[in-house]
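# Descriptive structure summary
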Amino acid sequence: MAQPQVFAPGVISGPAGEACPAFTPDGDTVYFDVGSMILVSKREHGVWSKPVIAPFSGQWLDHDPAMSPDGSYLVFVSNRPVKSGAEALSATVHGKVYPGRGGHLWRVDRQGNGWGTPVHLPDAVNASDRTYAPSIAADGSLYFIHPDEQGVMHIYSSSFAQGAYQPAALVAVGDPSASTHDPAIAPDQSFMVFNLSQNAKAGDMGDFYIAFREGDHWGTPINLGEAINGKPGKWSQWGAHIGPDRRTLYYTSDRQTELSFPLSQQQAKAALARMESWDNGSNNIWQVSLGPWLDAHRAR
């Protein structure tokens, strides 16, 4: 079974807490979030550049970038005000308002070698002030999450027709009472990777699952296993994204390298260098092949 590897250690995956990578179709540019902003890095001759703040980010609380499969636009989460001059978007949790902590989806279109001005998506998408985790299909359908009336997160989708996003519908996948998070939809919508948790009220993100499209519904979710999800309580994983090759899962995790003691002097030096570079318990970006699950499904 495939084993996860940290992505670009010491350059992109470092001590700052990186999350949610979104790649251009050629795989040579990646957008991801650190803290309150979205960064960008480019790969030249196999080497990733030092990340810098994306031109459309840095002023507000921005995160969760998602690239359209053709690279023509990007959708991200932000607390920026819908109307110029207004306050940052607040979040409402069980009736309590958290100023500036909300999230709506915004779209920014490619203009030549740069980006245009971000545009707030309509109420068909932004029905909640806690709308997060966008993922874009090739036909423009947008998948995302927001809480239901009880505060439990679920995945929703909005199709894109005649130049407009349509009213969002609940994505019925797995146990309807469970919490579902952070969808990563395949461009052709043939499969989806996401978090599923039966312990939503405790804030548990749960494990990664993969589900395949079966006609007009989703099949039974398949747990991606301990190699990726770890033992319960060992580490957390979230922020799934499908890479440009359609077979690699990129995600966020706070997992660390396991050490077996005693260490030799050489092993101790290597562990120290790794901890100083990225392996310090902060969130980092990881990657793993989905080949075993995709090939097994294709062989059915």
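Residues numbered from 1 in each chain as written. Predicted model: local features only at pLDDT ≥ 70, side-chain atom pairs only at ≥ 80, totals over all residues. Heavy atoms only, no water.

## Looking at unusual backbone geometry
In the segment running from F261 into P262, the intervening peptide bond is cis, with an omega of 0°. For P262, the location among the structural elements is in the loop between β26 (248–253) and α2 (265–277). Notably, A133 is not glycine yet its phi reads approximately 55°, a positive angle. Looking at the element boundaries, A133 is found in strand β14 (residues 132–136). (Helix = DSSP H or I, 4+ residues; strand = E, 2+ residues; numbered from the N terminus.)

## Topic: the pairing of strand β8 (residues 73–78)
Extensive coverage of β8 is indicated by the burial of six of its six residues. Side chains of β8 alternate between two faces, with Y73, V75 and V77 and L74, F76 and S78 buried alike. Bridge analysis of strand β7 (residues 62–67) against β8 gives four bridges, and the strand direction is antiparallel. Looking across to β8, one finds that A66 is bridged to V75. Remark: five residues form the turn of the hairpin made by β7 and β8, two consecutive strands paired antiparallel; G71 in that turn has positive phi of roughly 75°. Bridge count between β8 and strand β11 (residues 104–111): six bridges; the pairing is antiparallel. From the neighbouring strand, S78 faces β11, where its bridge partner is H104. (Buried < 20%, exposed > 50% of the residue type's maximum accessible area, 1.4 Å probe, protein only. Pairing = 2+ DSSP bridges.)

## What about the sheet that holds β26?
On the basis of which strands lie adjacent, the open sheet formed by four strands has the order β1-β27-β26-β25 and antiparallel pairing. Unpaired on one side and paired on the other, β1 (5–6) and β25 (237–242) mark the two borders of the sheet. Taken together, the two bridges between β1 and strand β27 (residues 284–289) define a ladder with antiparallel strand orientation. Following the sheet pairing, Q5 is matched in β27 by Q287.

## What about the pairing of β25?
By the criterion of burial, β25 is predominantly enclosed, with five of the six residues buried. Relative to β26, β25 is paired through four bridges, and the arrangement is antiparallel. Residue I242 lies in a different strand from β26, and its bridge partner there is L249. Connecting the antiparallel pair β25 and β26 is a turn made up of five residues, with R246 showing a positive phi of about 70°.

## A word on the sheet that holds strand β15 (residues 142–147)
Strand order in the open sheet formed by four strands is β14-β15-β16-β19, and the pairing between neighbours is antiparallel. On the outer flanks of this sheet lie β14 and β19 (169–170), each paired with one strand and no other. In this structure, β15 lies alongside strand β16 (residues 153–158), joined through six bridges in antiparallel fashion. Residue pairing in the sheet places I145 in a bridge with I155 of β16.

## Some words on the packing of aromatic side chains
Considering all chains together, one arrives at 14 aromatic pairs under this definition. Put simply, the rings of F7, F23, W48 and Y250 touch in pairs and so form one group of aromatic residues. Looking at R110, its charged tip hangs above the ring of W115, at a distance of 4.0 Å from the centre. (Phe/Tyr/Trp six-rings, centres within 6.5 Å; stacked < 30°, edge-to-face > 60°. Lys NZ or Arg CZ within 6 Å of the ring centre and 35° of its normal.)

## A look at the nonpolar core
Counting residues in each nonpolar core, the largest one holds 29 residues, and the members touching the most others are L105, L142, M192, F194 and W218. Where this core is concerned, the elements lending two or more residues are β8, β14, β15, β16, β21 (191–197) and β22 (207–214). In terms of residue count, β15 provides more of this core than any other element does, four residues in total. In this view, F194 contacts I155, V173, T180, H181, D182, P183, D207, F208, Y209, A211 and P221; residues no more than four positions away in its chain are not counted. (Core = buried A, V, L, I, M, F, W, Y, C linked by side-chain atoms within 4.5 Å. Contact = heavy atoms within 4.5 Å.)

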